[in-house]
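Descriptive structure summary
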Amino acid sequence: MMPITGTPLSKDEGTAYEMSITHLEPTLVTEADLKSLTGPFYKFMLICFDLEVLGKLKAALLALGLANVSIVNSNPTYIEITHKDATKANAIAHVQAAEKITKDQLMAFGDGENDLPMLTAVGTAVVVANASAKIKQVADFISKSNDEDGVAYAIKKLILDAEL
């Protein structure tokens, strides 16, 4: 991936939170930087803790009607912008075909709107307890929250059948 250079971004609550997860230093990307990209880019992520502003921004982006672009929330305060085919469900389909695995042999874990296609592409959809109600609707199993090691709990419970 081509690194994007720019002016260091002033740290606000959103960038500080993302930095605590990724351990990456964000940079401000100008319109000129975007126009000069020659290599591929995979995802733009917008972070805003003002849910009203983020909702308006998402609505404005969706109103653009960009046919090959996916615009989804990965959590209530994040918008992910990717190519429409850059989905976890497509990655699962690729592995499924290559390994000759049936849908009922597949399990996926999710918590955000961006996980919906993936969760419906597998035999067992596991959702963590802190996921939104919309995501929980597709769950075959609702585990503990991500802060309570929900993925590990589901693996023990559903795959290893360990006593908990």
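Residues numbered from 1 in each chain as written. Predicted model: local features only at pLDDT ≥ 70, side-chain atom pairs only at ≥ 80, totals over all residues. Heavy atoms only, no water.

So, the pairing of strand S4 (residues 69–75)
For a regular strand, side-chain orientation follows a simple rule: the groups alternate between the two sheet faces. Of all the seven residues making up S4, five are buried; the element is thus mostly covered by neighbouring parts of the structure. As paired elements, S4 and strand S5 (residues 78–83) share six bridges and run antiparallel to each other. Within the sheet, the bridge partner assigned to valine 69 lies in S5 and is histidine 83. The antiparallel hairpin formed by S4 and S5 contains two residues in its connecting segment. (Buried < 20%, exposed > 50% of the residue type's maximum accessible area, 1.4 Å probe, protein only. Helix = DSSP H or I, 4+ residues; strand = E, 2+ residues; numbered from the N terminus. Pairing = 2+ DSSP bridges.)

Considerations on helix H3 (residues 51–63)
End to end, H3 covers 18 Å across 13 residues, agreeing with the expected 18 Å (1.5 Å per residue, within 8%). The set of residues buried in H3 consists of Leu54, Lys58 and Leu61. The arc enclosing the buried residues of H3, seen along the axis, measures out at 65 degrees, which places them on a common side. Exposed residues lying more than 90 degrees from the buried face of H3 are Glu52, Lys56 and Ala63. Each element contacted by the buried residues of H3 is listed here: strand S3 (44–47), S4 and S5. Taking the backbone nitrogen of glutamate 52 as reference, a side-chain oxygen 3.1 Å away marks aspartate 50 as the first, capping residue of H3. At the exit of H3 stands glycine 65, carrying a positive phi of roughly 60 degrees. (Expected span 1.5 Å × (residues − 1). Arc of directions from axis to C-beta. Contact = heavy atoms within 4.5 Å. Polar contact = N/O pair within 3.5 Å; in protein donor to acceptor, adjacent residues only side chain to side chain.)

A short note on the sheet that holds S4
Ordered by their spatial adjacency, three strands build an open sheet running S3-S5-S4, and the pairing between neighbours is antiparallel. The open sheet has two free edges, formed respectively by S3 and S4, since each of these has just one partner strand. Across the sheet, the mean angle separating the axes of adjacent strands is 20 degrees when strand polarity is ignored. Bridge count for S3 against S5 is four bridges, and the pairing is antiparallel. (Axes fitted to C-alpha atoms, helices over the stretch in contact; angles between N-to-C directions.)

Considerations on the sheet that holds strand S6 (residues 107–110)
Taken in spatial order, the three strands of this open sheet run S6-S7-S8, and their pairing is parallel. Strand pairing shows two members of the sheet lacking a second neighbour, S6 and strand S8 (141–142), which therefore form its edges. Where S6 lies against strand S7 (residues 124–127), four bridges are found, and the strand directions are parallel. Pairing of phenylalanine 109 across the sheet is with valine 126, part of S7. Along the sheet, helix H7 (residues 150–160) contacts S6, S7 and S8; its crossing angle with S6, the most-contacted strand, is approximately 155 degrees.

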